Amino acid sequence: MNRLANATSPYLLQHANNPVDWYPWGPEALQKARDENKLILVSIGYSACHWCHVMEHESFEDEGVAALMNEYFVCIKVDREERPDIDQIYMSAVQLMSGRGGWPLNCICLPDQRPIYGGTYFRKNDWASLLLNLADFFKTKPEEAEDYAVRLTEGIKQYESVPFIEQTAEYGKDMLEPIMANWRRYIDPVEGGFGGAPKFPMPANWIFLMRYAHLMKDSGIAENVKLTLKKMAHGGIYDHIGGGFARYAVDGVWHVPHFEKMLYDNGQLLSLYAEAYTWNANPLYAEITDEIIGFVKRELTSSQNGFYSALDADSEGKEGKFYIFTQNELAEILGDDAPVFNSYYHVTEEGNWEEEQSNVFFRKEDEEAIAAQFDITTEELHTRLNAAKQKVFDARSKRVRPGLDNKILASWNGLMLKGLCDAYRAFAKPEYLELALQNADFIAKNLIFGAKISRVYNPQTTEGVAFLDDNANVADAFIALYEVTFNENWIIQAQKLTDYALQHFYNAEGGIFFYTADNDEQLIARKSEIMDGVIPASNSVMARNLKKLGLLFDNEGYLEVSAQMLRNIVPHLAKYGTAYPNWTILLLDEIFGLNEVAITGPDHENIRRQFEQQYIPNKVMLGGQTGTLPLLDGRLGDTTRIFVCKDRTCGLPANTVADALKQIAG
């Protein structure tokens with residue numbers, strides 16, 4: 001076994017038996033490269049990555065290829081989910097070199113960590129040839145290698161950076177149409193989502209578009225959102241038997257998933273479908289919300305109520321094997337109910353995807369059409385389908401399960417905790433809040449030490465590196481948890497995490513946060529994460545957090561940092577709007593104003609629940625019978641009242657939700 005045998009990361013442990021002399025990222029490997037003047041080979045992936053497994057099997061398990069790697073390179077394996085700071089630097093390098101990125105990510109660096117070449121997946125022969133060529137290049141042309149490293153490292157430092165904008169901005173609705181013109185070009189009006197294949201869910205994009213459609217009364221965009229929510233929920237990207245979404249669809253119609261299931265996707269999709277239900281009370285959204293929570297509780301929750309990171313795409317060495325069925329298998333499991341099930345989920349004898357006779361379940365026809373086909377009511381259809389799904393679930397449960405990535409990451413736990421809070425807002429189910437509180441207690445006790453958060457749960461130590469997204473997403477979740485409980489412990493925790501980020505991550509000269517702290521390991525570049533991707537950028541989450549905390553704590557400093565961050569980004573929104581959805585949500589809050597809704601008195605919880613049934617996306621909630629937040633000062637008492645404030649102006653206290661809503665509408 002190599003040096004990865006002592007790692008805690010499931011991804012690193014998968015490579016512990018490779019003949020490659022792998023090192024984890026750390027002083028030992030980096031010093032060895034300097035001492036021996038050897039190139040560094042940084043190979044980055046994650047546990048649920050299908051093509052990472054393929055390259056491991058083809059190249060890293062091959063004795064001949066391993067011998068080449070060991071002779072000419074110091075080989076370092078990195079779990080991108082544990083060390084996104086390292087991944088960020090070398091992903092930038094590969095994107096600058098090739099215009100594309102992905103995982104596995106393989107970068108060849110000088111002994112001082114500066115990259116000179118990189119790419120993603122390589123076939124075995126291409127990989128071996130590349131290694132020999134690069135080793136020869138470094139030996140025979142060191143000046144060229146140095147020159148390339150200088151230019152590439154400078155590019156990495158500039159990549160995804162924005163200039164500081166000094167002048168104060170005025171925001172109005174007229175700004176939105178140029179931004180939306182960019183979005184409209186990419187929306188698929190037939191299948192939902194964006195563009196063709198592959199299709200990613202991109203929850204932050206649809207939350208923005210849903211809010212835009214509501215606030216701007218844009219019925220066309222509203223229909224695009226509804227179509228996308230329906231297509232994703234009906235598609236094969238959704239696990240119709242066990243709940244939860246796969247990472248993306250490889251096609252343009254949401255049919256065939258890349259079967260890995262990630263915590264971060266499901267946490268955000270939980271927020272999306274829960275908020276969508278308050279916007280448009282479609283029973284499908286409630287069903288999806290409940291099934292995502294059921295999946296996460298059953299398959300991604302530790303005994304201590306931390307959330308695990310992912311389920312692998314593969315089982316028994318085959319992608320998707322756990323999830324797919326033949327028509328014959330279903331006939332054996334379901335008997336007389338097989339025809340109804342097969343029709344509903346498009347199961348055919350020849351199969352509906354690449355694996356012969358195998359089927360990925362997906363929906364197309366309306367339930368009324370299926371019910372009419374079998375001459376039954378929709379109620380009977382539901383009853384028979386639910387019974388059939390349970391039988392398929394039970395049969396599937398006996399199969400070899402996909403691998404579990406049991407890392408517990410602060411940032412991703414924050415996304416799921418926020419999703420649970422949003423689900424509780426929409427449906428007021430006590431079990432949703434109970435799971436949220438259990439997870440929040442886990443985070444507070446096991447990942448936060450003083451004001452500092454640790455990214456990866458490790459019961460053996462209280463020391464651990466963390467990044468801006470850990471601070472941002474956990475603080476965001478704690479703000480949401482305060483809004484549904486009015487327990488000030490959570491908002492105070494959010495403030496502490498934010499203050500720590502301001503002290504150790506914020507670059508006042510640039511008006512933006514660095515991704516890494518000034519008191520953690522310093523890499524070859526200190527970068528900022530600005531563009532929203534499959535997860536919103538840590539800077540956009542921080543900017544929105546600071547806006548909310550600035551209002552809740554009446555803290556002008558928080559508000560000014562948030563405003564400065566938005567000023568820096570606004571010039572980019574019309575040209576690259578689809579890369580900034582979470583920022584554009586903040587812009588909506590600036591244009592339409594954030595309503596501060598304080599509910600006080602003995603019946604505050606009942607009134608809060610009533611209020612949450614109204615779709616008001618641009619609001620922050622506070623209240624209770626006790627509290628120290630400035631807006632509650634002088635407003636607590638024995639009478640239940642609602643106070644609505646906006647732009648530092650408060651209306652008269654309202655006694656009913658209807659009266660408060662009139663103030664917001666006015």
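Up top is the structure these notes are about.
Presented here is a report on the structure given in the accompanying data block. Just so you know, these numbers come straight off a predicted model, no measurement behind them.

### Considerations on the pairing of strand β4 (residues 105–109)
No. 1: The element β4 is largely enclosed, with a buried count of five among its five residues.
No. 2: Burial along β4 is two-sided: L105, C107 and C109 facing one way and N106 and I108 facing the other are all buried.
No. 3: For strand β2 (residues 39–45) and β4, the ladder comprises five bridges, and the chain directions are antiparallel. Counterpart to I44 in the pairing with β4 is L105.
No. 4: Following β4, the chain reverses through five residues before pairing antiparallel with strand β5 (residues 115–119); Q113 in that reversal takes a positive phi of roughly 90°.

### Quick notes on the state of the cysteines
No. 1: Scanning all chains against the criterion turns up two disulfides.
No. 2: Sulfur-sulfur distance for the disulfide between C645 and C650 comes to 1.9 Å. Its S-S torsion of about 105° marks the bond between C645 and C650 as right-handed, since a negative value means left-handed.
No. 3: Here the bonded cysteines of the protein are numbered in sequence order, and their pairing is 1-2, 3-4.
No. 4: Considering cysteine sulfurs only, C109 is the nearest to C107, which forms no disulfide, with 4.8 Å between them.
No. 5: Overall, the relative accessible area of 1% leaves C107 in the buried class.

### A short note on the pattern of salt bridges
No. 1: Counted under the stated rule, the structure contains 49 salt bridges.
No. 2: Two residues, D147 and R151, come together in a salt bridge whose shortest N-O distance is 3.2 Å. With D147 and R151 both in helix α7 (residues 142–158) and four residues apart, the pair spans about one turn of that helix.

### Comments concerning the sheet that holds strand β9 (residues 310–311)
No. 1: Ordered by their spatial adjacency, three strands build an open sheet running β8-β9-β14, and the pairing between neighbours is antiparallel. At either margin of the open sheet sits one strand with a lone partner, and together these are β8 (261–262) and β14 (404–405).
No. 2: In the sheet, β9 pairs with β14 via two bridges, with the strands oriented antiparallel. Its bridge partner lying in β14, L311 is registered against L404.

Criteria and thresholds
- Residues numbered from 1 in each chain as written.
- Predicted model: local features only at pLDDT ≥ 70, side-chain atom pairs only at ≥ 80, totals over all residues.
- Heavy atoms only, no water.
- Buried < 20%, exposed > 50% of the residue type's maximum accessible area, 1.4 Å probe, protein only.
- Helix = DSSP H or I, 4+ residues; strand = E, 2+ residues; numbered from the N terminus.
- Pairing = 2+ DSSP bridges.
- Disulfide = S-S within 2.5 Å.
- Salt bridge = Lys/Arg side-chain N within 4 Å of Asp/Glu carboxyl O.

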